[in-house]
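As a plain string of letters, each chain reads:
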Amino acid sequence: MPLKVIIADDSIITVKKLLVLMEGLGHQVVATASTGREAIEAYRQHRPDLMTMDISMPDMDGMEATSAIVAEFPEARIVMVTSHGQERMVIDSLDAGAKGYVLKPVRIEKLSDMIAKVMERST
Amino acid sequence: MTFNKTIIPRVMASILGQTREVLAAEAVIAVDGAETFDCDVTKLHLHDMTVIAGLGGPISLLIAFSFETSLVEALFHRVTADIEVPPGEEDLYRRETAAEIVNTILGLCTTDFQNIEESIALSPPVIIEDARCIHRPKNAVFASMRIRTERGIVSVSFVGPRDLFDDHMNYQF
């Protein structure tokens, strides 16, 4: 089933690449955000089925934004999409409420697997 | 945590390895070799396009990747091959390509420091496009490395402790 997706990342290149991948998987990208604060606003406005979140972003990082969204919407499905692979950071992301973690460079198989796992766990 | 310059060789080795991996995976560009310079460097030269990001926590380094134009051009064409670049926005996408490559390299470098308990923060990359020479203040440590690829050179400069400089490599008195 097609999902409503929001992409939060401060890199135009990553946003466009994820958009192509999401559409290739049959999902609909309803909004994009380039800062943590924009991500929170976009979530409130669109209530997506899934959100991808970068960690390093201006004004509020992806970890803080994830905590804020999950505090307000406990059912939120947020997947971190980042190059930041330190194990400590992965643990911190999951503690913040993220449901999964995908390392860049993102490939369609990795993304598809993660989305399937996240959706399966939350149904 | 106190800055410890003995971390620099480990960060250099990590950056060299991850640069090789990321350039090969993202742009099919091979690294041909590298030269490193020790911590006695007294000045750093930044080329036309430089991407600066900071590694925080126990590493506490500002790291500047300064690209030769030929390498940026090759990266731009490979990285944007499967996305639409709006007419007139090519320069923006060139800068974004360089920033994203650096962000990916530094993010993956953190995987090489799994034994560090504390989180290693990574600041969003800042791009500067003016060639510049930065002289080392007495209380700073400079080091540099030059990575040669088949499409041009990227010089990587290391400045610590990172809080002596702002994100644009300006010394903060």
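To be clear, the structure that these remarks concern was listed above.
Because the structure is a prediction, the values reported are computed rather than measured.

A. Looking closely at unusual backbone geometry. Of the consecutive residues Lys104 of chain A and Pro105 of chain A, the connecting peptide bond is found in the cis state with omega at -5 degrees. Topologically, Pro105 of chain A is positioned in the loop between strand S5 (100–103) and helix H5 (108–121). Omega for the peptide link from Gly160 of chain B to Pro161 of chain B comes to -10 degrees, which places this bond in the cis form. Considering the arrangement of structural elements, one finds Pro161 of chain B in the segment after strand S8 (152–160). Unusually for a residue other than glycine, Arg47 of chain A sits at a positive phi of about 45 degrees. Of note in this structure, Val28 of chain B is not a glycine but carries a positive phi near 50 degrees. If you trace the backbone, Val28 of chain B turns up in the loop between helix H1 (8–27) and strand S1 (31–37).

B. Local environment of the nonpolar core. Residue and element names in this part refer to chain B. One finds Val11, Ile15, Ile63, Phe65, Phe67 and Phe158 to be the most contacted residues of the largest nonpolar core, which totals 48 residues. Contributing elements (two or more residues each) for this core: H1, strand S3 (49–55), strand S4 (61–67), helix H2 (69–79), helix H3 (90–109), strand S7 (141–149) and S8. Sort the elements by how many residues they give to this core and H3 lands first, with nine residues. Those residues in contact with Phe158 that sit more than four places away from it in its chain are Ile8, Val11, Met12, Ile15, Leu61, Leu62, Ile63, Val141, Phe142, Ala143, Ser144 and Met145.

C. Highlighting the interface of chain B and chain A. On the chain A side, the residues contacting the 29 residues of chain B number 23 residues. Taken together, the two surfaces of chain B and chain A that pack against each other cover about 2100 Å², and 53% of this comes from carbon and sulfur. When the buried surface of chain B facing chain A is broken down by residue, Ile83, Glu96 and Glu100 of chain B rank first, second and third, together holding 22% of it. Where chain B meets chain A, there are three salt bridges. Taken together, the connections running from chain B to chain A amount to 18 residue pairs in polar contact (both at pLDDT 80 or more). Mapped by element, the contributors of at least two residues to the side of chain B that touches chain A are H1 and H3 of chain B. Top element by residues in the side of chain B that touches chain A is H3 of chain B. It accounts for nine residues. Its residues assigned to classes, the side of chain B that touches chain A comprises 13 nonpolar, nine polar and seven charged.

D. A look at helix H2 (residues 36–46) of chain A. All names here are of chain A. Considered for burial, the residues of H2 that qualify are Gly36, Ala39, Ile40, Ala42 and Tyr43. The buried side chains of H2 occupy one side of the element, clustering within an arc of 165 degrees when seen end-on. Taken together, the buried residues of H2 touch strand S1 (4–8), strand S2 (28–33), strand S3 (50–53) and helix H3 (62–72). Positive backbone phi, at 45 degrees, marks Arg47, one or two positions downstream of H2.

E. Representation of the side chain of Asn103 of chain B in the model. Counting through the fold element by element, Asn103 of chain B comes out in helix H3. Among the residues examined, Asn103 of chain B registers a relative accessible area of 6% and is labelled buried. If sequence neighbours within four positions are ignored, Asn103 of chain B has contacts with Ser83 and Lys104 of chain A together with Leu122 and Pro125 of chain B.

F. Spatial organisation of the pairing of strand S4 (residues 78–82) of chain A. Residues and elements named next belong to chain A. When you tally the buried positions in S4, you get five out of five residues, the bulk of the element. Both faces of S4 are covered, namely the face carrying Ile78, Met80 and Thr82 and the face carrying Val79 and Val81. Where S3 and S4 come together, three bridges link them in parallel fashion. Paired with Thr52 across the two strands is Val79, which belongs to S4.

G. Seen up close, empty space enclosed by the protein. All names here are of chain B. Taken as a whole and judged by the stated rule, the model has one cavity of 30 Å³ or more. In this structure, the largest cavity spans a volume of roughly 40 Å³. Secondary-structure elements contributing two or more residues to the lining of the largest cavity are H1, S4 and H3. For the lining of the largest cavity, the class distribution of residues is seven nonpolar, one polar and no charged.

H. How the structure looks around the environment of Met80 of chain A. Along the chain, Met80 of chain A turns up in strand S4. Along the sequence, Met80 of chain A and Met51 of chain A sit 29 residues apart, while their C-alpha atoms lie 8.4 Å from each other.

Rules used throughout
Residues numbered from 1 in each chain as written. Chains lettered and ligands numbered in written order. Predicted model: local features only at pLDDT ≥ 70, side-chain atom pairs only at ≥ 80, totals over all residues. Heavy atoms only, no water. Helix = DSSP H or I, 4+ residues; strand = E, 2+ residues; numbered from the N terminus. Core = buried A, V, L, I, M, F, W, Y, C linked by side-chain atoms within 4.5 Å. Buried < 20%, exposed > 50% of the residue type's maximum accessible area, 1.4 Å probe, protein only. Contact = heavy atoms within 4.5 Å. Buried area = accessible area lost by both parts, 1.4 Å probe. Salt bridge = Lys/Arg side-chain N within 4 Å of Asp/Glu carboxyl O. Polar contact = N/O pair within 3.5 Å; in protein donor to acceptor, adjacent residues only side chain to side chain. Nonpolar A, V, L, I, M, F, W, Y, C, P; charged D, E, K, R; others polar. Arc of directions from axis to C-beta. Pairing = 2+ DSSP bridges. 1 Å grid on protein atoms, 1.4 Å probe; cavity = no way out; pocket = protein on both sides within 12 Å on 5 of 7 lines; lining within 4 Å. Points joined across faces, edges and corners; volume = space filled by probe spheres on them.

This is a description of form; function is not addressed.
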